[in-house]
Amino acid sequence: MNTKPRGRQFFANPGPTNIPERVLRAMDRSVIDFMSDEFVAIHHACHAGVKRVLKTDQTLYMYNASGHGAWEASLANLFTAGDTVLIVETGYFSLSWAEMATSLGLKVEVFAADWRKGADISKLADHLKKDKTHEIKAVLTVHNETATGMVLPVADIRRAMDEAKHPALLLSDTISSLGSIDYKMDAWGVDVTVGGSQKGLMLPTGMSLTGVSDKALEVARKNKAPRHYWNWDLMNGRSPQKFMGTAPVHMFFGLQESLKMLEEEGLEAVFQRHGRLAEATRAAVRVWGDGGKGPQLFCQSDDRLSNSVTAVLMPEGVSSDPLRKAAIDRFNLSLGGGLGPLMGKMFRIGHMGDLNEPMLLGALATTELAMKVSGVPFTPGGVDAAIKSLTA
Ligand code: PLP
């Protein structure tokens, strides 16, 4: 049998995600001078648009780099080797950011959490109150942990920091929530927001950003730690674009279009669409795992379920590798895998960005098909449950 996949690839990986035709077409044009008036105007419009998505009136910097670059920019500007940061554990990405901090010479404390239940934020204020000499310079959070499909209540974390009267900065990674799940940088008192291009912003990978509060800018200004490419002060001097190096004009052509799409739909409607599609996905997974023999939702806290990615835990002793291999090799469906200690133990369905009901139902139906051909035990009927959820 010829099993070479045909037709469009169904991309249900939690990032990079589907790039809409409109964005691709907007990028399909000749280069322009990045110092030209035309590009400066596009750049300004994009800055303003991204700030509306972040819900901030403060300062934004963008980088020619994937999300790791924005992670490093936040750490390099604010801290000096020997400084202590507290990371709220969420899963693989929180630990990866912590690992980067350690590599940069920072001391990292971990506010530990069960990855399936999420951190107990009611204990955070007490934890911070014990730090009487304010050694902790920042609390690092991952708003949406892509590896576990869980959101973190960032506003509650700010409240806990205020309750403890702790002056630490609050940093938040929104790489897999920005443009998919509501996020309010200024209202939540976040000092640095880290974002990337390839998920809710519906662009190729390669551009990332930091929203920076006035308080964080002041800390950065006083920080003597060596840095160059990420240096916000140097970037401020790069008039008119505040961009280090050659600006990726095509990314901005795409960003201008994706911001237009987000604003045409309306951010609130975008978040509601993600909520509907996520709930349908969860409805399917709940049926698959019904009776306890099939795959189940990894996240065990109903109020923390992510609306941009669903992490699905495999039954004990069943690897997710053959299922994901069947999905991609035979049916052209790309599913995410487990990361770090969860490798082989889960698969992840991304439902963020440019996605609608037929795309999601296609991915769910094909996941059932791939489970069937790869011998994964599950209760059939997940797709029916998803349809029911979408018509509710
Ligand atoms: N943080 C989160 C929450 C992520 O999901 C990712 C990547 O998926 C990253 C950080 C790293 O970003 P990048 O792969 O763009 O460097």
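Another aspect to go through is the environment of His 351. Residue position: His 351 is located in the loop between β14 (346-350) and α12 (357-373). With 223 residues separating them along the chain, His 351 and Leu 128 place their C-alpha atoms 35 Å apart. Discounting residues that sit within four places of it in the chain, His 351 has contacts with His 274, Ala 278, Thr 281, Ser 306, Asn 307, Ser 308, Val 309, Thr 310 and Leu 360. For His 351, the side chain forms a polar contact with the main-chain oxygen of Asn 307, separated by 3.2 Å.

Quick look at the site of the ligand now. As a structural note, the neighbourhood of the ligand is formed by Ser 66, Gly 67, His 68, Trp 71, Phe 93, Val 142, Asn 144, Thr 146, Asp 173, Ile 175, Gln 198 and Lys 199. Within the side chain of Ser 66, one N or O atom sits 2.6 Å away from an oxygen atom of the ligand. A distance of 2.6 Å separates a nitrogen atom of the ligand from a polar atom in the side chain of Asp 173. For the ligand, the accessible surface in isolation is 390 Å², of which the surrounding protein chains cover 88%. With three residues, the top contributor of residues to the shell around the ligand is helix α3 (residues 67-78). Taken together, the residues that form the shell around the ligand break down as four nonpolar, six polar and two charged.

The strand order across the open sheet formed by five strands is β1-β13-β14-β12-β11, and the pairing between neighbours is mixed. Edge strands, defined here as strands with exactly one partner in the open sheet, are β1 (10-12) and β11 (296-297). The strands touched by helix α11 (residues 321-331) within the sheet are β13 (333-337) and β14, with β13 carrying the most contacts at an inclination of about 160 degrees. Together, β1, β13 and β14 form the strand contacts of α12, whose direction differs from that of β1 by roughly 85 degrees.

Under the defined criterion, the tally for this structure stands at 24 salt bridges. Linking Glu 21 and Arg 25 is a salt bridge whose minimum nitrogen-to-oxygen distance equals 2.8 Å. On the criterion of helical spacing, the pair formed by Glu 21 and Arg 25 is a turn pair, its members being four residues apart in helix α1 (residues 21-27). One salt bridge in this structure joins Asp 126 and Lys 129, with 3.9 Å as the shortest N-O distance. Residue Asp 126 and its partner Lys 129 are both found in helix α5 (residues 124-129); the two are separated by three residues, about one turn of the helix. Assessed through its relative accessible area of 36%, Lys 129 is described here as partly exposed. A network of salt bridges, in which partner residues are shared, links Arg 22, Glu 257, Lys 260 and Glu 264.

Our focus in this paragraph is the nonpolar core. One finds Met 62, Val 139, Ile 157, Phe 252 and Leu 255 to be the most contacted residues of the largest nonpolar core, which totals 54 residues. When residues no more than four places from it in sequence are discounted, the contact partners of Leu 255 are Cys 46, Val 50, Met 62, Leu 201, Leu 203 and Met 207. Residues Leu 75, Leu 78, Ala 101 and Leu 106 belong to the second largest nonpolar core, which totals 33 residues.

The rules we used
- Residues numbered from 1 in each chain as written.
- Predicted model: local features only at pLDDT ≥ 70, side-chain atom pairs only at ≥ 80, totals over all residues.
- Heavy atoms only, no water.
- Helix = DSSP H or I, 4+ residues; strand = E, 2+ residues; numbered from the N terminus.
- Contact = heavy atoms within 4.5 Å.
- Polar contact = N/O pair within 3.5 Å; in protein donor to acceptor, adjacent residues only side chain to side chain.
- Near = heavy atom within 4 Å.
- Areas by Shrake-Rupley, 256 points an atom, 1.4 Å probe, with all protein chains shown as cover.
- Nonpolar A, V, L, I, M, F, W, Y, C, P; charged D, E, K, R; others polar.
- Pairing = 2+ DSSP bridges.
- Axes fitted to C-alpha atoms, helices over the stretch in contact; angles between N-to-C directions.
- Salt bridge = Lys/Arg side-chain N within 4 Å of Asp/Glu carboxyl O.
- Buried < 20%, exposed > 50% of the residue type's maximum accessible area, 1.4 Å probe, protein only.
- Core = buried A, V, L, I, M, F, W, Y, C linked by side-chain atoms within 4.5 Å.

Structural measurements only, silent on function.
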